[in-house]
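Working through the structure, step by step
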Protein chains: 2
Amino acid sequence: MEKRLVVALDIKDGEKAIRMARDLSPEVFAMKINWPLVLYSKPEIISEIASFSRVICDFKVADIPNTNRLIVERVRDLGAYAVIVHSVFGHDSLSAAVEAAGDTRVIAVVSMSHPGAREFIGPLGDRLLDLALSSGTYGIIAPGNDPETLSALKSRSGSLKIFTPGIGAQGGDPAEAVRAGSDYLIVGRAIYDSPDPLGEARRINDRISKATLPQ
Amino acid sequence: MEKRLVVALDIKDGEKAIRMARDLSPEVFAMKINWPLVLYSKPEIISEIASFSRVICDFKVADIPNTNRLIVERVRDLGAYAVIVHSVFGHDSLSAAVEAAGDTRVIAVVSMSHPGAREFIGPLGDRLLDLALSSGTYGIIAPGNDPETLSALKSRSGSLKIFTPGIGAQGGDPAEAVRAGSDYLIVGRAIYDSPDPLGEARRINDRISKATLPQ
């Protein structure tokens, strides 16, 4: 069975990131990296990790259409499997990313779960999801530690793949997230801070497998 | 008189970026760079450009508080003068950037002028400006090619410095932008695509100077 675990390498250490990608690759669907890792190492870390595992560039791309295009073209050429792009900057910014991505997938942010997300983007959630649906994106980010919001997004998201952070250290339970509609579960600290990251990844995969068995 | 021209190095070529920073430094307040330049060269390009000129990292920082903090700490340590951060992700994400920035300034995005900006963030403009005002940011981005919006933002922005893109190739007139309230004028293509970038920078500075003379 294909793995559904995405490990968020929210770390600065490029050597550790490559080591974890190599060691964890049999247990993961993809590794997710973000800007701090690039800023503390180099852009080519995307390709280096991609030699072991799919790479999701969680770059929260958030600019005008032309800049979004240039960012996405570059991460595509560096071998990223997917790139995470904000939808809140409108149809043209999101479409520019999708058009530039080619075979690289675009995963749209349509909700976030830190407290400040409630101020502006939270109330826009339904419209942001509509935009993701109409823009040719591959998937969306939905909260793995908020089953109610996750279920609501799932019910309206058609064939979009659902990637859920917030699992593990941030309170989300893998089995519960799967039942609420998560396709891919993003786990960070619980794995990369573990004394036994591979063992922890296996334990989470076991929990995902059990939750997806026919009842 | 201190220069008020910011050159947007919206290019991919690191060598050209450094050459332009060196050659244009007497005529500019700062050079503005964005993610594509980093992705096509290396993070340390920030420090290299900073050896010639102030550097504004137009990274449209757009993540949860902790990731914003890590991005801003790194650009601060690489010697950036300022970093551009989105306000639409709420008080905690913006404040995390301001707290991490130290002596590096945070410039908040409170409006954008591509068509898709009208869909979601446009209507939030007043509230985004209020957040920038209450979060200890140094300045805001305001459209240099829309004097009406620029004046409206200026009238409510207190002591925030106003940085205005959209000058030159995108239609904004330097003198008009200054009169509408711009403190720093951001010019990209009109300079970096010019056969004579230094001459073009001087011409724009002349226009700014004339617009700021006592009438």
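This section reports on the structure supplied with the text. (Residues numbered from 1 in each chain as written. Chains lettered and ligands numbered in written order. Predicted model: local features only at pLDDT ≥ 70, side-chain atom pairs only at ≥ 80, totals over all residues. Heavy atoms only, no water.)

Section: the interface of chain A and chain B
Heads up, the condition is: Whether two residues are in contact is decided by their heavy atoms, any of which lying within 4.5 Å being enough. Once two parts are put together, the accessible area they lose, assessed with a 1.4 Å probe and summed over both, is termed the buried area. Definition used for salt bridges: Asp or Glu carboxyl oxygen within 4 Å of a side-chain nitrogen of Lys or Arg. Identification of polar contacts relies on pairs of N or O atoms within 3.5 Å, with a donor-acceptor requirement for protein atoms, meaning one able to donate a hydrogen and the other able to accept it, and with residues adjacent in sequence counted only if both atoms are side-chain atoms. By the criteria applied, helices consist of DSSP H or I runs no shorter than four residues and strands consist of E runs no shorter than two, each listed in order from the N terminus.
Counting residues at the interface gives 44 residues for chain A and 44 residues for chain B. Interface area, chain A with chain B, both sides summed: about 3600 Å², of which 67% is carbon and sulfur. Area buried by chain A at its contact with chain B is led by A:Leu39, A:Phe89 and A:Phe120, which between them contribute 21% of it. Our enumeration of links across chain A and chain B arrives at two salt bridges. Put simply, A:Asp63 and B:Lys60 hold a salt bridge, and the shortest N to O gap is 3.2 Å. Seen at the junction of chain A and chain B, the total is 16 residue pairs in polar contact (both at pLDDT 80 or more). Those elements that place two or more of their residues in the side of chain A that touches chain B are helix 2 (35-40), strand 3 (54-61), helix 4 (65-77), helix 5 (91-101) and helix 6 (125-134) of chain A.

Let's talk about unusual backbone geometry
Positive phi, close to 40°, is recorded for A:Lys60, a residue that is not glycine. Within the secondary structure, A:Lys60 is located in strand 3.

Some words on the sheet that holds strand 1 (residues 5-8) of chain A
Residue and element names in this part refer to chain A. Threshold: When DSSP finds at least two bridges between two strands, those strands are taken to pair. For every element, the axis is a line fit to its C-alpha atoms; helices are fit only across the contacting stretch, and the angle between N-to-C directions ranges from 0 to 180 degrees.
Pairing within the closed barrel is parallel, and its eight strands lie in the order 1-2-3-4-5-6-7-8. The average undirected angle you get between the axes of adjacent strands in this sheet is 25°. Note: strand 2 (residues 30-34) against strand 3, five bridges, orientation parallel. Its bridge partner lying in strand 3, Ala30 is registered against Arg54. Across the sheet, helix 5 touches strand 4 (82-86) and strand 5 (105-109), and the angle it forms with strand 5 is around 160°.

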